[in-house]
Amino acid sequence: MKKINKISAVVLSLAVIAGVLFTNAFAAGTKMGDVDFSGTVDVEDALVVLRAVAGQDGAALTAEQRTAADVTYDGTINSVDALRILLYVSGQISTLDAVGGEEGDDIIL
Ligand SMILES: [Ca+2]
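Here's what I pulled together on the structure shown here. (Residues numbered from 1 in each chain as written. Predicted model: local features only at pLDDT ≥ 70, side-chain atom pairs only at ≥ 80, totals over all residues. Heavy atoms only, no water.)

**Structural notes on the overall build of the protein chain**
No. 1: Tallying secondary structure elements over the protein chain gives four helices and zero strands in all.
No. 2: Each helix (α) and strand (β) of the protein chain, taken in turn from the N terminus, gives the series α-α-α-α.
No. 3: Residue burial in the protein chain is summarised as follows: out of 109 residues, 24% are buried.
No. 4: Surface summary for the protein chain: the accessible area is close to 7,200 Å², and the carbon and sulfur share equals 60%. (Helix = DSSP H or I, 4+ residues; strand = E, 2+ residues; numbered from the N terminus. Buried < 20%, exposed > 50% of the residue type's maximum accessible area, 1.4 Å probe, protein only. Areas by Shrake-Rupley, 256 points an atom, 1.4 Å probe, with all protein chains shown as cover.)

**A few points about the coordination of the calcium ion**
No. 1: Distances from the calcium ion to its protein donors, Asp34 (OD), Asp36 (OD), Ser38 (OG), Thr40 (O), Asp45 (OD) and Asp45 (OD), fall at 2.2 to 2.6 Å.
No. 2: Between the six donor atoms coordinating the calcium ion, the angles at the centre fall across 53 to 158°, so the site counts as irregular.
No. 3: Between consecutive donors of the calcium ion, the numbers of intervening residues give the motif D-x1-D-x1-S-x1-T-x4-D. (Donors = N, O, S within 2.8 Å, 3.2 Å for Na, K, Ca; no water. Tetrahedral: all angles 85-135°; square planar, octahedral: opposite > 155°, others 65-115°.)

Here you go:
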C-alpha cells in the first residue's frame, strides 16, 4: 500500500510539473495578434480573424488561435480584434497589450 502511495505521489508530482511547464510554454509562445503563428503580426493575421468571424469554411480558430486573436481582451473574437491588429500593423497603435480598464469596458483603440 505504501508503494502505491509513493507511486501515486510521483505520478501526481510529474503531472503538476508537466502542467506548469506546458502552461509556461504556451504563455511564452503565444504572441498576441500572431493568429497564424508565423512569428510576426501582419495583415494576414487580421485576415485569418476576419475569415473566422465571417464563418468561412475551414476558417474556425483553434483555442490557441483564439487566445492570440483576442487583442481586445474581452473574451470574444470579432471584427474589432481584426481592426486592432490592422491598426497595430499600420503603426496607428504601438501595442497589442491589454489596454487597461475593466473587462467588458469599451475598448479605446
Ligand atoms: Ca502572423
